[in-house]
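# Chains, contacts and geometry: an overview
Next come the chains, spelled out residue by residue.
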Amino acid sequence: MRTARLRTVHPVLWAGWAALAAGAVLCVIGWYGVSGERYAARQLPYLASCTVPGAALIIAGAVLLTQGRGALAAARVEELHGLLVAAEPADADGSGQAAAAPVAVSGELRMVPGGTLWHRADCPLVAGKPEAVPVDGRLLATGDLDPCPICEPDSADD
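What you see is a predicted model, and the numbers here were worked out from it, not measured in a lab. Just so you know, the residues in each chain are numbered from 1, in the order the chain's sequence is written. Since the coordinates come from a predicted model, pLDDT governs what is reported: local features require at least 70, and pairs of side-chain atoms require 80 or more to be given and counted, while whole-chain, interface and lining totals use all residues. Computation of side-chain values covers all heavy atoms of the structure but excludes hydrogens and water.

## Quick notes on the pairing of strand E2 (residues 117–120)
Just so we agree on the cut-off: In this analysis, strands are considered paired if DSSP registers two or more bridges between them. Here a helix means four or more residues in a row that DSSP labels H or I, a strand means two or more in a row labelled E, and each is numbered from the N terminus.
Summarising the sheet, strand E1 (residues 109–111) and E2 pair through three bridges and their orientation is antiparallel. Across the sheet, Met111 pairs through a bridge with Trp118, a residue of E2. Hairpin connection from E1 to E2: five residues lie between these consecutive antiparallel strands, with Gly114 at a positive phi of about 85 degrees. Across two bridges, the pairing between E2 and strand E4 (residues 146–147) is parallel. By the bridge assignment for E4, Trp118 is matched with Pro147.

## Here we look at the pattern of salt bridges
Pairs can form between side chains of opposite charge whenever their charged atoms are close. The line we're drawing: A pair is scored as a salt bridge if a Lys or Arg side-chain nitrogen falls within 4 Å of a carboxyl oxygen belonging to Asp or Glu. Residue burial is assigned from relative accessible area. The probe radius is 1.4 Å, only protein chains are included, and a residue is buried under 20% of its type maximum, exposed over 50%, and partly exposed in between.
Per the stated rule, a full pass over the model turns up one salt bridge. For the salt bridge of Arg110 with Glu108, the shortest nitrogen-to-oxygen distance reads 2.7 Å. For Arg110, a relative accessible area of 21% gives the class partly exposed.

## Focus: the environment of Gly23
Put simply, the rule reads: Only heavy atoms matter for contacts: two residues are in contact if any of them lie within 4.5 Å across the pair.
Among the structural elements, Gly23 can be located in helix H1 (residues 2–35). Measuring from C-alpha to C-alpha, the distance between Gly23 and Leu57 comes to 4.7 Å, with 34 residues separating the pair along the chain. Setting aside its immediate chain neighbours within four residues, Gly23 contacts Gly54, Leu57 and Ile58.

This is the structure we're talking about:
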């Protein structure tokens, strides 16, 4: 899922960078040509053939980069959504009621500095992140942190 979408994003980003580079080169050539001419009538061809198309390429490159980065962000959001939304669990007892398996079961509590939520250590949002630190009991007591809605840690775990 992720790789297919990212493969289509990379050419757009490369095209954006290429357009920016080509536009910058054209603008430099136009500037160099204009700076070497004394009369305005001789400067106009450099403006028309290099500087104006160069500026247009710079604008086109910026638009392509913005669109490519937006698509890249959308792909990352889609990947995160895929991590958060689990596939429908199998029918455990055949009654139509699906057994809800917990996302995380660890008793160790973690938080990300500057974050607003506290998590279980094996929560998908903090698992494997080196910046995740153990939760400070004072932050829990003051109510500065809210429990994660994904792993649903219980305050009795600490």
